[in-house]
Amino acid sequence: MDKMAQTVQKQALMQTYSRTPVKFVKGKGSYVWDENGEKYLDFTSGIAVCNLGHVPEKVKNKVAGQLDRIWHTSNLFEIGPQEELAEKLAALSAFDQAFFANSGAEANEAAIKLARLDAKKRGKSGPIVTFKHSFHGRTLGTLSATAQEKIQHGFEPLVPGFIYLPFNDIAALRDLAKIKPIAVMFELIQGKVASFRQNRNGWMPLSARAGRTIVQSLWMKCRRAWAGPVHCLPMNSTASNRIS
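Positions within a chain are numbered from 1, following the residues in the order the chain's sequence is written. A pLDDT threshold of at least 70 governs which residues receive local features in this predicted model, and a stricter bar of 80 or more applies before side-chain atom pairs are shown or counted, although totals over entire chains, interfaces and linings include all residues. Each side-chain value is derived from all of the structure's non-hydrogen atoms; neither hydrogens nor water enter the calculation.

Caption draft 1: Local environment of the overall build of the chain. The helix and strand labels rest on DSSP assignments: H or I over at least four residues marks a helix, E over at least two residues marks a strand, and numbering proceeds from the N terminus. If you tally the helices and strands in the chain, you get 9 helices and 12 strands. Type-normalised accessible area, obtained with a 1.4 Å probe on protein chains alone, sets the label of each residue: buried when under 20%, exposed when over 50%, and partly exposed for intermediate values. Here the chain holds 244 residues, and the buried ones make up 32% of them. As displayed, the chain has an accessible area near 16,400 Å², and 58% of this comes from carbon and sulfur atoms. Residue-level accessible areas treat just the shown protein chains as cover; the underlying method is Shrake-Rupley with a 1.4 Å probe.

Caption draft 2: Structural context of the pattern of salt bridges. For this document, the term salt bridge refers to a Lys or Arg side-chain nitrogen within 4 Å of an Asp or Glu carboxyl oxygen. On inspection of all chains with the given rule, the structure shows 4 salt bridges. Notably, a salt bridge pairs K60 with E57, separated by 3.3 Å at the nearest N-O pair. Placement of both K60 and E57 in helix α3 (residues 57–67) is noted, with a separation of 3 residues, approximately one turn of the helix. When its relative accessible area of 40% is taken as the criterion, E57 is described as partly exposed. In this structure, D118 engages R122 in a salt bridge whose closest nitrogen and oxygen atoms are separated by 3.2 Å. A single salt-bridge network, built from bridges that share partners, covers K28, E57 and K60.

Caption draft 3: Structural detail: helix α5 (residues 104–121). One fewer than the residue count of a helix, multiplied by 1.5 Å, yields its expected span. With 18 residues, α5 should reach 26 Å at 1.5 Å per residue; the first-to-last C-alpha distance of 26 Å fits that figure. When we look at burial in α5, the residues that qualify are G104, A105, A107, N108, A110, A111, I112, A115, D118 and A119.

Caption draft 4: Representation of unusual backbone geometry. Here the amide bond leading from E156 into P157 is cis, since omega sits at 0°, within 30 degrees of zero. With respect to the helices, strands and loops of the structure, P157 is situated in the loop between α7 (149–152) and β6 (162–165). You will see that S74, though not glycine, has its phi angle at about 80°, which is positive. Relative to the assigned elements, S74 resides in the loop between α3 and α4 (80–92). Positive phi values are uncommon outside glycine, yet N168 reaches one of about 65°. Inspection of the secondary structure assignment puts N168 in the loop between β6 and α8 (176–179). Overall, N168 belongs to the buried group, its relative accessible area being 11%.

Caption draft 5: Spotlight on the pairing of strand β1 (residues 24–28). Note: two strands are recorded as paired if DSSP finds a minimum of 2 bridges between them. Pairing geometry for β1 and strand β2 (residues 31–34), over 4 bridges, is antiparallel. For K28, the partnering residue across the bridge sits in β2 and is Y31. In this antiparallel pair of consecutive strands, β1 and β2, the connection spans 2 residues, and G29 shows a positive phi of 65°.

Caption draft 6: Structural view of the packing of aromatic side chains. Only the six-membered ring of Trp is used, alongside the rings of Phe and Tyr, when aromatic pairs are assigned; centres must lie within 6.5 Å, and planes under 30 degrees apart are stacked while those over 60 apart are edge-to-face, with the rest tilted. Evaluation of the coordinates by the stated rule reveals 3 aromatic pairs. Between F24 and Y40, the aromatic rings sit 5.2 Å apart at their centres with planes inclined by 85°, giving edge-to-face as the arrangement. On the criterion of sequence distance, the pair formed by F24 in strand β1 and Y40 in strand β3 (residues 39–41) is long-range, its members being 16 residues apart. Overall, the relative accessible area of 29% leaves Y40 in the partly exposed class. Where F131 meets F167, the ring centres are 6.2 Å apart and the plane angle is 75°; that geometry is what we call edge-to-face.

Caption draft 7: Structural detail: the confidence of the model for the chain. Considering every residue of the chain, the mean pLDDT works out to 79; 74% of them sit at 70 or more. As a per-residue measure, pLDDT tells how confident the predictor is, with possible values from 0 to 100. Working rule for contacts: check all heavy atoms of both residues, and any pair within 4.5 Å makes them a contact. This model gives residues 217–244 a pLDDT under 50, and the stretch forms 89 contacts once residues within four places in sequence are excluded.

Caption draft 8: How the structure looks around the sheet that holds β1. With antiparallel pairing, 3 strands are arranged side by side in an open sheet as β1-β2-β3. The strands lining the two open edges of the sheet, one partner per strand, are β1 and β3. Ignoring which end each strand starts from, the neighbouring axes of this sheet average 30° apart. Pairing geometry for β2 and β3, over 3 bridges, is antiparallel. Every angle, taken between N-to-C directions, lies between 0 and 180 degrees, and every axis is a line fitted to C-alpha atoms, over only the stretch in contact when it is a helix.

The structure is reproduced here in structure tokens:
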């Protein structure tokens, strides 16, 4: 394809991301190949989407088999494989139910709504606490939960009901008793910053004690090791324990 045709294509595509000028055309396992045949070791995994590697045989065969049967029926009808997967997730985790979404932003959006709905049912009100340098998604709700002005800029007015505290700051957690949040939302590791910021010095369990907690993580490995009920949200799906 000549440069003029490439320019026309780029003009037709909304530039929501600043993309690296490499086009990958094939992937297998942990490797991908670009259009020139150059091989790369993939450290991104499609931003934690291709956790099983590229084109794993079992998944490929399952997808191909489903494409030969039926493509889409919507949530208006029962979906056997979806129910089966939800049952397996519940059995393998500390949670009772699963909610399937198309993206991490939708999963977090659902978590925010569930936290607010739960608070209303219990006659409670208050903000959701998130932490500076966090990233929770690009929908208007999750953008408002994301405590980064450079990401929020241009999309004001934001959704109200969020308070931002410093990450990894135990002293700042003392304010939670005064704030009385309906939920505390944080990432196990903040990755949308210049460097990874991992929780330390017992900060995470202390923040979990503040109330019902929303945890955004790459893996469903949350357990009831923390005090109090926990809502655990993997990046592209949600799961919650029974609200007590």
